[in-house]
Every structure is written in structure tokens, then in C-alpha cells.
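Remarks on the overall topology
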Amino acid sequence: MRYIGNKTRLLPFILRTLGKERIPPGSVHDAFAGTASVGKALKSKGWRVFSSDLLMSSYVFQRAYVVADSAHPSLDDMAHELAECSPRFGFISRHFSPAGGGESEGRMYFTPENAARIDASRESLDTWRADGRIGESDYYLLLAAIIEGADRVANTAGVYASYMKRWQPNARRSFEIVPERPTSGLPAQAYLMDAAEAAQAVGEVDLLYIDPPYNSRQYVAYYHIPEILARGWSDKAPAIRGKVGLLAGEEGRSQWSHGRRVQRLFAGLLAGSGAKWALVSFNSEGHLEPDALETLLGRASADGKVSHFTQRYRRYRADSDREGRRYHADIAIEHLYLVRLR
């Protein structure tokens, strides 16, 4: 899935750093799991993963890509059946496609055809779960695939804070559901909660991996439609507001996106974790300057030492340069800090 801060391209850097510092596989708390790419990679390398995030969409990815150990032999057939369900006028059609008329307020996130198929598959999946047709692992594997499939045909530039005013080529493609196979390994656990609360629930681990929000972006606003798909609407329709249909309420909003609070939150998480080591990812575009973060980590370190590693990479761009908007640079720097806490 297209996701700001996704670490997929930086996984070799993270794994290489752990190897270079001779941190062997053990237990790890991935405190800001996002799309669960880091937890999935660590599980495949022999780690026992505990992961957490505030967003339900992240929890779905964690359950599918980290927690799930096996899938039904007919998972692909079930995915095909969901994708081929008779189109239905549901929540997505009503609010995020032109099919909704006045209710959708002209929102062009999905073509009417794709919106109706997304509605049908999402609602049918909940029915299957309620009827006991599928187990929990298969439910999350298929739900993650629905979210990923919807993202591939979303008429956006990569985030959902706005939609394109003309149908892009990807938006005209047919919605498909292609589930991933589970990652085998040690049992994993996912938590739908704040990182500090999850650290208390997890308890002692060998490694705490911290990849917090970098700036003032609220992910629940940038990815409100994946979040709606994750939560569903079978029991209660989500409350939405505003021009693009953002989720109403404070649920899913992170305190880490407020620059003045980051140092306090960082210190609290490090102090409250039962981890022996902490590995921190931080981007050059983040709230804290590298020197300030290194000082904070030095105070939390058991021996006063902070190992610092960097790697340049092409930054995420939701769209291209245009009149009135110019990106400062295409290259960002990923910082990794390793400290011993205990």
C-alpha cells in the first residue's frame, strides 16, 4: 500500500544494522507498526514480534502480515468470490464515489463500478465472519487484501487527503482482491493502542523498535478511507465530516504528531518499556533535529552510548512539482539510532 513513512525500501538497512551490531533475533515490540512491513520482516528472520498502533487499518495489517501463521487452502478462491460478488450500493458508493449524488458531494475517490464492488466485498466478508464461514486469520488476510485492492484503484495521488478531479488510469482499472500468504515464524501479537500503553502490556522484550510520526500529519486523516474499510459499517456507520469525508472524532489521532510533545513522549516510552535495546528510525524531515534526538537517547541509554547510522533514499512524493508547490528535495536521510536501555 502507498503509505508515508513505509519502511519497505529501508528493510535491508534496518536488518543490516541489527546484524552489524550483533543483536540476535529475540523478542521485539514494533511500537508504531503502520503497514507492518518491519514486523513482517523481523518475524521472517526469527524474531517474536509484538506490534502496536492506534489505527484499526494498521491493526488489520498486523493481524494479516505478522500474527497470521496459516491460511485456508481455498483463500485465493474465497478472495475471487468476494471480488465477484454482485455490486452493492453501500457506504463507499454513497460517500466516496459520484454514485452517491448529493451525499457524496462530488467526491471522486472511486468510480461507481469499483465503489460498488468494494462495498459488496467488504459487507460480504463481515457476513462470512458472522456466519462462522471463515476463521480470524483468514478474515484479516482477506480484509487486508480488500484495503490494498481499494488503494490500487483509488483516484488519489497516494494519500486520501484529497482526490483527483479527473479519473486517473489506475482508478479505471477493475478492483481486485489478491491476498498475501502468511509469514511463518514464532507466535506474534498485535495491539490496537498507544505505543506507551502497548509497551506496558508487552512487558520485557529484547528490542523496542520506534518509528513514530515524523511531523504534524495525522495518519487517520491522510488514510481515512482505508481506516473506514478496516472498521467496517455493519454494526454502525462511521461518522464523517468535511469536504473529503474525514472521520469525525478524535479516535486514531496521535499525540506524536504535535512537535512540542515529541520529546516528552519519547522519554516516556523509553522509560516505560521493558526492552533491553531500542532501535529508533527517524527521518530528516521530522519534528526533532538529529542532535536533539541523540541527546534525548543518550539520557535514556544505560551506558550513555548512542550508535547512529544513516542512509540516503528517495523521499515519498504524493504528487509532482506544480505551480505554487515545489518540493525542497527528492532525497531524504533515514536515521537509525541504537541504544542499550537495560
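Above this text sits the structure in question.
On a predicted model such as this, the values are computed, not experimentally measured, just so you know. Numbering of residues starts from 1 in every chain and runs along the sequence as written. It should be noted that, the model being predicted, local features are given only for residues of pLDDT at least 70 and side-chain atom pairs only at 80 or more, the latter also being counted only at that level, while totals for whole chains, interfaces and linings use all residues. As a convention, hydrogens and water are excluded, and side-chain values are obtained from all of the structure's heavy atoms.

Attention now goes to the pattern of salt bridges. Here the idea is simple: oppositely charged side chains can pair when their charged atoms come close. By salt bridge we mean one thing: a side-chain nitrogen of Lys or Arg within 4 Å of a carboxyl oxygen of Asp or Glu. Going through the model one piece at a time under the given rule, you end up with 15 salt bridges. With its nearest N and O atoms 2.8 Å apart, the salt bridge here joins Lys43 to Asp69. Of this pair, Lys43 sits in helix 2 (residues 37-44) while Asp69 sits in the loop between helix 3 (56-67) and helix 4 (75-83); the two residues are 26 residues apart in sequence, bridging distant segments of the chain. Burial classification: accessible surface area is computed with a 1.4 Å probe over protein chains only, and a residue below 20% of its type maximum counts as buried, one above 50% as exposed, and the rest as partly exposed. Classification of Asp69 by relative accessible area gives partly exposed; the value is 38%. Ionic pairing is found between Glu103 and Arg94, a salt bridge with its closest N-O pair at 3.5 Å. Residue class for Arg94 comes out partly exposed when judged on its relative accessible area of 25%. Linked by salt bridges that have partners in common, Lys7, Asp211 and Glu334 make up one network. The way it works is that DSSP assigns letters per residue, a run of H or I at least four long becomes a helix, a run of E at least two long becomes a strand, and they are numbered from the N terminus.

In this section: the side chain of Asp53. Counting through the fold element by element, Asp53 comes out in strand 2 (residues 48-53). Only four residue types enter the tally: Lys and Arg on the positive side, Asp and Glu on the negative side, with His and both chain ends excluded. One buried charged residue, Asp53, remains without a salt bridge, the closest side chain of opposite sign being Arg231 at 9.9 Å. Once residues within four sequence positions are removed from consideration, Asp53 is found in contact with Ala31, Phe32, Ala33, Gly34, Ser58, Gln62, Tyr191, Leu192 and Met193. We call two residues in contact whenever any of their non-hydrogen atoms come within 4.5 Å of each other.

Here we take up the environment of Pro213. Along the chain, the position of Pro213 falls in the loop between strand 4 (204-210) and helix 9 (219-222). What makes Pro213 buried here is its relative accessible area of 12%. For the pair formed by Pro213 and Leu18, sequence separation is 195 residues and the distance between their alpha carbons is 22 Å.

Viewed as axis vectors pointing N to C, helix 4 and helix 7 (residues 136-152) meet at an angle of 50 degrees, and their least axial separation amounts to 11 Å. Of the possible angle classes, the one that applies to helix 4 and helix 7 is oblique. As for the relative orientation of helix 4 and helix 7, their crossing is right-handed in sense. Touching Leu75, Met78, Ala79 and Leu82 of helix 4 are Asp138, Leu141, Leu142 and Ile146, all from helix 7. Of the residues belonging to the contact of helix 4 with helix 7, the class tally is seven nonpolar, no polar and one charged. In this description, a line fitted to the C-alpha atoms serves as the axis of each element, helices being fitted only across the stretch in contact, and the angle between N-to-C directions of two axes falls anywhere from 0 to 180 degrees. Angular relationships are summarised with four words: roughly parallel below 35 degrees, roughly antiparallel beyond 145, roughly perpendicular across 65 to 115, and oblique for the angles in between. A crossing counts as left-handed when the near helix is turned anticlockwise from the far one by less than a right angle, and as right-handed when that turn is clockwise. Ten residues, namely Ala, Val, Leu, Ile, Met, Phe, Trp, Tyr, Cys and Pro, are considered nonpolar, four, namely Asp, Glu, Lys and Arg, are considered charged, and the remaining ones, Gly among them, are considered polar.

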